[in-house]
Amino acid sequence: MKIALLGTGTVGRALARGLARCGHEVVIGTREPEATAGRDLGAETFAQWLVASPGVTLAAASEAAAVGDLVVNATNGEASLTALAGAGEAALAGKVLLDVANPLDFSNGFPPTLSVCNNDSLAEQIQRAFPSVLVVKSLNTVTADVMVNPAALGAAGGAMFVAGDDATAKAVVSQLLTDLGWQSVVDLGGLAAARGMEMYLPLWLRLMQATGTAEFNIAIVRREG
Ligand SMILES: NC(=O)c1ccc[n+]([C@@H]2O[C@H](COP(=O)([O-])OP(=O)(O)OC[C@H]3O[C@@H](n4cnc5c(N)ncnc54)[C@H](OP(=O)(O)O)[C@@H]3O)[C@@H](O)[C@H]2O)c1
């Protein structure tokens, strides 16, 4: 599948390589391709990272969205609506959109607060802003490395949630999750379930502090019989 991955951060790069490894053609979308290519990632530039990432290319967000059969939103949660508008409503129309973003507001430092919660979610805001897009929330409950390598945690990686209003779109995303190695995909129902998935973040941040690592996940343990 041709995947438009909107997001050049840690998540965008991890997912790009992970999905390319599964045989997908990944086009990363960014606002300014030239500036992004020259971005210093520490040990290498973004352009060098691209060379070492077979199956992954970089394009303007609008170009990426236009060629993708499926779109991934891995942009900053505070900017996701702007970023998706920049990709272009027409380019996104009718496509499955996997939303992995979290609406974290760091304006008052750490820990961040949620800029939307309780009776709404970022995923639903995206769905309302782009009504023809088939939004599916998933992967936002684990750190980037775990998204693409759940087996590293043992116990099959724990639970990965999906939420969305369109059953076919959820099936497409669930297949991608299976491709990435997720064995326990838990369908939480309609997109309103994204509220809980996003509101898990304050607990996730406390768990990270308590365990001293971001590489963890939760597993559903229930009484047998
Ligand atoms: N870090 C994790 O392990 C993790 C885990 C789960 C979920 N998440 C969520 O995944 C998303 C990506 O996280 P991240 O840490 O990889 O990256 P990030 O730094 O949160 O976001 C970087 C991306 O956001 C875009 N962006 C930022 N400001 C923008 C604006 N004003 N207009 C348009 N686009 C804008 C950037 O676009 P350009 O390329 O154009 O600069 C870039 O693609 C976030 O929503 C985060 O909460 C992160």
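This text goes with the structure placed above it.
Numbering of residues starts from 1 in each chain and follows the order in which that chain's sequence is written. Owing to the predicted nature of the model, reporting of local features is limited to residues with pLDDT of at least 70; listing and counting of side-chain atom pairs is limited to 80 or more, with chain, interface and lining totals taken over all residues. Each side-chain value is worked out from all heavy atoms of the structure, with water and hydrogens disregarded.

**Observations concerning the pattern of salt bridges**
Link 1 in the chain: Every case where a carboxyl oxygen of Asp or Glu lies within 4 Å of a side-chain nitrogen of Lys or Arg is listed as a salt bridge. A full pass over the atoms with the stated rule returns 6 salt bridges.
Link 2 in the chain: In this structure, Lys170 and Asp187 form a salt bridge, with 2.9 Å as the shortest nitrogen-oxygen distance. Of the two residues, Lys170 is situated in helix 9 (residues 167–180) and Asp187 in strand 10 (residues 184–187); the sequence distance between them amounts to 17 residues.
Link 3 in the chain: A relative accessible area of 10% means that Lys170 is categorised as buried.
Link 4 in the chain: Residue Asp187 is classed as partly exposed on the basis of its relative accessible area, which comes to 48%.
Link 5 in the chain: Each member of the salt-bridge network shares a partner with another, and the members are Asp99, Lys137 and Glu198. Per the convention used, a helix needs a DSSP run of H or I reaching at least four residues, while a strand needs a run of E reaching at least two, with both numbered from the N terminus. Under the scheme applied here, a residue whose accessible area is under 20% of the maximum for its type counts as buried, over 50% as exposed, and between as partly exposed, the area being computed with a 1.4 Å probe on protein chains only.

**As for the site of the ligand**
Link 1 in the chain: One heavy atom suffices: a residue is near a molecule or strand as soon as one of its heavy atoms comes within 4 Å of it. For the ligand, the set of nearby residues contains 22 residues, the closest of which are Thr8, Val11, Thr30, Arg31 and Thr75.
Link 2 in the chain: In this structure, an oxygen atom belonging to the ligand sits 3.1 Å away from a main-chain N or O atom of Thr10.
Link 3 in the chain: Two N or O atoms form a polar contact when they lie within 3.5 Å of each other; inside protein one atom must be a possible hydrogen donor and the other a possible acceptor, and for residues adjacent in sequence the pair counts only when both atoms belong to side chains. The separation between an oxygen atom of the ligand and a polar side-chain atom of Thr30 is 2.6 Å.
Link 4 in the chain: With the chains in place, 75% of the 890 Å² that the ligand exposes on its own is no longer accessible.
Link 5 in the chain: At the level of elements, helix 1 (10–21) and helix 8 (144–148) are the ones that each hand at least two residues to the shell around the ligand.
Link 6 in the chain: For the shell around the ligand, a count of residues per class yields 9 nonpolar, 11 polar and 2 charged. Only the protein chains shown count as covering a residue, and every accessible area follows the Shrake-Rupley method with a 1.4 Å probe. Each residue gets one label: Ala, Val, Leu, Ile, Met, Phe, Trp, Tyr, Cys and Pro are nonpolar, Asp, Glu, Lys and Arg are charged, and the others, such as Gly, are polar.

**Here's the deal with the pairing of strand 9 (residues 159–164)**
Link 1 in the chain: With 6 of 6 residues buried, strand 9 is to be regarded as a mostly interior element.
Link 2 in the chain: Alternating positions in strand 9 separate into two faces, Ala159, Phe161 and Ala163 on one and Met160, Val162 and Gly164 on the other, with burial throughout.
Link 3 in the chain: In short, DSSP must find at least two bridges between two strands for them to pair. Sheet analysis places strand 8 (residues 134–138) next to strand 9, joined by 3 bridges and oriented antiparallel. When the sheet's bridge partners are listed, Val136 is paired in strand 9 with Gly164.
Link 4 in the chain: One ladder, built from 4 bridges, connects strand 9 with strand 10; its direction is parallel. Residue pairing in the sheet places Val162 in a bridge with Asp187 of strand 10.
Link 5 in the chain: A crossover counts as right-handed when, viewed with the strands pointing away from the observer, the path leading from the first strand over the helix to the second turns clockwise. In terms of handedness, the path from strand 9 via helix 9 over to strand 10 forms a crossover that is right-handed.

**Comments concerning the sheet that holds strand 4 (residues 70–73)**
Link 1 in the chain: In spatial order, the strands read 3-2-1-4-5-8-9-10; together these 8 strands make up an open sheet with mixed pairing. The open sheet has two free edges, formed respectively by strand 3 (56–60) and strand 10, since each of these has just one partner strand. Averaged over all pairs of adjacent strands, the angle between strand axes in this sheet comes to 25°, irrespective of strand direction.
Link 2 in the chain: Residue contacts follow a heavy-atom distance rule, with two residues in contact if any of their heavy atoms lie within 4.5 Å. Comment: axis = line fitted to C-alpha atoms, over the contacting stretch for helices; angle = value between 0 and 180 degrees taken between N-to-C directions. The strands touched by helix 7 (residues 122–129) are strand 4, strand 5 (96–99) and strand 8; relative to strand 8, the strand with the most contacts, the crossing angle is about 170°.
Link 3 in the chain: Along the sheet, helix 9 contacts strand 1 (2–6), strand 4, strand 5, strand 8, strand 9 and strand 10; its crossing angle with strand 9, the most-contacted strand, is approximately 160°.

**Some remarks on the pairing of strand 4**
Link 1 in the chain: Judged by which residues are buried, strand 4 turns out to be covered on both faces: Leu70 and Val72 on one side and Val71 and Asn73 on the other are all buried.
Link 2 in the chain: With 4 bridges connecting them, strand 1 and strand 4 associate as parallel partners. Directly across from Leu6, in strand 4, lies its bridge partner Asn73.
Link 3 in the chain: Taken together, the 4 bridges between strand 4 and strand 5 define a ladder with parallel strand orientation. By the bridge assignment, Val72 is partnered in strand 5 with Leu98.

**Here we look at the packing of helix 5 (residues 80–87) against helix 7**
Link 1 in the chain: For the pair helix 5 and helix 7, the least separation of the axes is 10 Å and the interaxial angle reads 30°. Judged by the angle between their axes, helix 5 and helix 7 are roughly parallel. In this structure, the crossing between helix 5 and helix 7 has a hand that is right-handed. The segment helix 5 lies against helix 7, with Ser80, Leu81 and Leu84 engaging Leu122, Gln125, Ile126 and Ala129.
Link 2 in the chain: By residue class, the composition of the contact of helix 5 with helix 7 is 5 nonpolar, 2 polar and no charged. The cut-offs work like this: below 35 degrees is roughly parallel, past 145 is roughly antiparallel, 65 to 115 is roughly perpendicular, and the gaps in between are oblique. Should the near helix be turned anticlockwise from the far one by less than a right angle, the crossing is left-handed, and should it be turned clockwise, the crossing is right-handed.

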